[in-house]
Every structure is written in structure tokens, then in C-alpha cells.
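# Summary of structural features
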Amino acid sequence: DTAVSQTPKYLVTQMGNDKSIKCEQNLGHDTMYWYKQDSKKFLKIMFSYNNKELIINETVPNRFSPKSPDKAHLNLHINSLELGDSAVYFCASSQEYGGRYEQFFGPGTRLTVL
Amino acid sequence: AQSVTQLDSHVSVSEGTPVLLRCNYSSSYSPSLFWYVQHPNKGLQLLLKYTSAATLVKGINGFEAEFKKSETSFHLTKPSAHMSDAAEYFCVVSDSYGNKLVFGAGTILRVKS
């Protein structure tokens, strides 16, 4: 059983398009996250949701909009895609909100914007 | 604010020899520290974590790390490298009052046969 799953695994699209990445966790966790890993493998948090409420919103363009329909899902919608959005996006979850809790990561979605 | 410095971007060892991946941290509060591993084209997996219990932490696959507050270090070690250890390793810090993990730049471990 996959604990944290993301779809799609690969996404290739043109500049200016709108796309979504879906994330689901079956661990019963309260908190979910989105991270961006750039071409240099640097990982940075984008958003964090706890019990469907936005907790962390880093300096991310407002073209990126997370949506959490329930505790088990956190989707990422991106409008007007730009070349610089090309990266690997990771979803993660943790049992509760708090820095001491282990985060479980999904396999990643490799987004390529042409 | 917390930060992490991984002192080596690449480490190369021979199979069967010890592994040392170095990490220094900076944190305003009592930190939680983690090591994650990422195999090629895979997600991240937790190796071990320190959250103010024993300073010597044992993780999966024979890895361990020692929290040294006086040196602000959390180096990752393994007595004997295996080919399957070849991956990228991330040292991560999070303060116990927040929910934000701050990742180091990563260390690529290469294991030679």
C-alpha cells in the first residue's frame, strides 16, 4: 500500500497552461505539505495544511493555489505555467502539526514546462 | 531562524569502508534533526531523527548520527558502506515550535565496488 501517492508522476506542458497535481495520503495524518525541488536538488517548502487549514504559505507566486478537500488530500493547481516552474514537486504528510514529527514523502511529480 | 549546512556536496567511498556525511545546524530553539535519503528518481525516506532524547540516534540500514550541541553538528555515519547506500542524503532541521523543515543542500554518496 502506498502511504503518500501523487498523480501524475510526469507532467510535460506548454508555457501558459494551467495544470494540477493531486496528492493523497492513507496514513490518517492531520498535516500535509507541498515541496519544490529545483534542478540543483534543493528542497523548499511551499505550503502546509493542518486539518484542511492553511498553516504555512511560503513566498510562492499566487499562480500556485493549494486545495485541501479533506484531510487525506492536498492538491496543487498551477495557473499560467512558466519555464521556471519546471521542477520536481513532492507532497508529504505528518501525523500532527509540529517540527518533531516525521514527514512521509510521496514519489514526486516531475513537471517540465516547454 | 534555523539553517543547515552540509559540508560536502559529494562523498565517495569504497564498499565495505566507513561512511561519514557531515552536517552543521543553526537553530534558535531546541531543534529536531533528521536525515533523509533520496534514491534516484524516488521520494525521500527518513533514515533517523533526533528530538531531544538520546544524543546517539540509530536509524535504518545501519546508519546512525550523533547530536553534539557544543559543536552544533549532527553527522551521519555507517561502519560499512554497501552499494545500495549510493543516493543523495539530506540533513534537515526543524524547531519544535514550528512546522517547517529546512533542508540542507544534500550530499551525494557514491559507493565504489
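Look up: the structure comes first, before these words.
The present account deals with the structure reproduced in this document. All values derive from a computational prediction rather than experimental measurement.

Within chain A one finds 0 helices and 11 strands. Secondary structure elements of chain A occur, N-terminal to C-terminal, as β-β-β-β-β-β-β-β-β-β-β. On C-alpha atoms alone, chain A measures out to a radius of gyration of 13 Å, which is about the 13 Å that the 2.2 N^0.38 rule sets for 114 residues. Its C-alpha atoms give chain A principal-axis dimensions of about 35 × 30 × 30 Å.

Moving on, we get to the interface of chain A and chain B. Contact residues are listed per partner, giving 23 residues for chain A and 23 residues for chain B. Counting each side, the surface lost to burial between chain A and chain B is near 1,800 Å², with a carbon and sulfur contribution of 51%. On the surface where chain A and chain B come into contact, there are 1 salt bridge. A salt bridge links Lys 41 of chain A to Glu 88 of chain B, with the shortest nitrogen-to-oxygen separation between them at 3.3 Å. Where chain A meets chain B, there are 3 residue pairs in polar contact (both at pLDDT 80 or more). Residue assignment for the side of chain A that touches chain B shows that the elements contributing at least two residues are β4 (31-37), β5 (43-50) and β10 (103-105) of chain A. With 4 residues, β4 of chain A is the largest single contributor of residues to the side of chain A that touches chain B. The residue inventory of the side of chain A that touches chain B, partitioned by class, reads 11 nonpolar, 7 polar and 5 charged.

Let's shift gears to the pairing of strand β1 (residues 4-7) of chain A. Residues and elements named next belong to chain A. Residues Val 4 and Gln 6 point to one face of β1 and are all buried, whereas Ser 5 and Thr 7, pointing to the other face, are not buried. Bridge count for β1 against strand β3 (residues 19-25) is 4 bridges, and the pairing is antiparallel. Counterpart to Thr 7 in the pairing with β3 is Lys 22.

Now for the sheet that holds strand β7 (residues 64-70) of chain A. Residue and element names in this part refer to chain A. Pairing in this open sheet of 4 strands is antiparallel, and the strands run β1-β3-β8-β7 from one edge to the other. Because the sheet does not close on itself, it has two edges, and the strands there are β1 and β7. Within this sheet the neighbouring strands show an average axis-to-axis angle of 20 degrees, counted without direction. Note: β7 against strand β8 (residues 73-78), 5 bridges, orientation antiparallel.

This brings us to the environment of Ala 81 of chain B. Residue and element names in this part refer to chain B. With respect to the secondary-structure elements, Ala 81 resides in the loop between β9 (73-78) and β10 (87-95). C-alpha separation for the pair Ala 81 and Val 19, spaced 62 residues apart in sequence, amounts to 6.2 Å. Ignoring sequence-local partners within four residues, the contact set of Ala 81 consists of Val 13, Ser 14, Glu 15, Gly 16, Thr 17, Val 19 and Val 111.

All names here are of chain A. Between Thr 7 and the following residue, Pro 8, the backbone shows a cis peptide bond with an omega angle of -5 degrees. Along the chain, the position of Pro 8 falls in the loop between β1 and β2 (10-13). Unusually for a residue other than glycine, Asn 51 sits at a positive phi of about 50 degrees. A positive phi angle, close to 70 degrees, is found at Lys 52, a residue other than glycine. With respect to the helices and strands, the residue Lys 52 is situated in the loop between β5 and β6 (53-57). Judged by relative accessible area, Lys 52 falls into the partly exposed class, the value being 44%.

Inspection of the entire model under this criterion finds 13 aromatic pairs over all chains. Ring geometry for Tyr 33 of chain A and Tyr 35 of chain A: centres 6.2 Å apart, planes at 35 degrees, overall tilted. An identical accessibility class is assigned to Tyr 33 of chain A and Tyr 35 of chain A; each is buried. Summarising the aromatic geometry, the rings of Phe 90 of chain B and Phe 103 of chain B are spaced 6.2 Å apart at their centres and angled 75 degrees between planes, so their arrangement reads as edge-to-face. Here the residue Phe 90 of chain B occupies a position in strand β10, and Phe 103 of chain B occupies one in strand β11 (residues 102-103), the gap between them amounting to 13 residues. Residue class for Phe 103 of chain B comes out buried when judged on its relative accessible area of 4%. By the ring-pair criterion, three or more aromatic residues cluster together here, those being Tyr 33, Tyr 35 and Phe 105 of chain A together with Phe 34, Tyr 36, Phe 90 and Phe 103 of chain B.

What follows is about the state of the cysteines. What the rule picks out here adds up to 2 disulfides over all chains. Covalently, Cys 23 of chain A is tied to Cys 91 of chain A through a disulfide, its sulfur atoms 1.8 Å apart. Handedness of the Cys 23 of chain A-Cys 91 of chain A disulfide follows from its S-S torsion of about -75 degrees: it is left-handed. Of this pair, Cys 23 of chain A sits in strand β3 while Cys 91 of chain A sits in strand β9 (residues 87-94), placing them 68 residues apart in sequence. For Cys 23 of chain B, the disulfide goes to Cys 91 of chain B, at an S-S distance of 2.0 Å. The sign of the S-S torsion, about -70 degrees, decides the handedness of the disulfide formed by Cys 23 of chain B and Cys 91 of chain B: left-handed. Placement of the pair is Cys 23 of chain B in strand β4 (residues 23-26) and Cys 91 of chain B in strand β10, with a sequence separation of 68 residues.

Parameters at a glance
- Residues numbered from 1 in each chain as written.
- Chains lettered and ligands numbered in written order.
- Predicted model: local features only at pLDDT ≥ 70, side-chain atom pairs only at ≥ 80, totals over all residues.
- Heavy atoms only, no water.
- Helix = DSSP H or I, 4+ residues; strand = E, 2+ residues; numbered from the N terminus.
- Rg over C-alpha atoms; globule rule 2.2 N^0.38 Å.
- Contact = heavy atoms within 4.5 Å.
- Buried area = accessible area lost by both parts, 1.4 Å probe.
- Salt bridge = Lys/Arg side-chain N within 4 Å of Asp/Glu carboxyl O.
- Polar contact = N/O pair within 3.5 Å; in protein donor to acceptor, adjacent residues only side chain to side chain.
- Nonpolar A, V, L, I, M, F, W, Y, C, P; charged D, E, K, R; others polar.
- Buried < 20%, exposed > 50% of the residue type's maximum accessible area, 1.4 Å probe, protein only.
- Pairing = 2+ DSSP bridges.
- Axes fitted to C-alpha atoms, helices over the stretch in contact; angles between N-to-C directions.
- Phe/Tyr/Trp six-rings, centres within 6.5 Å; stacked < 30°, edge-to-face > 60°.
- Disulfide = S-S within 2.5 Å.

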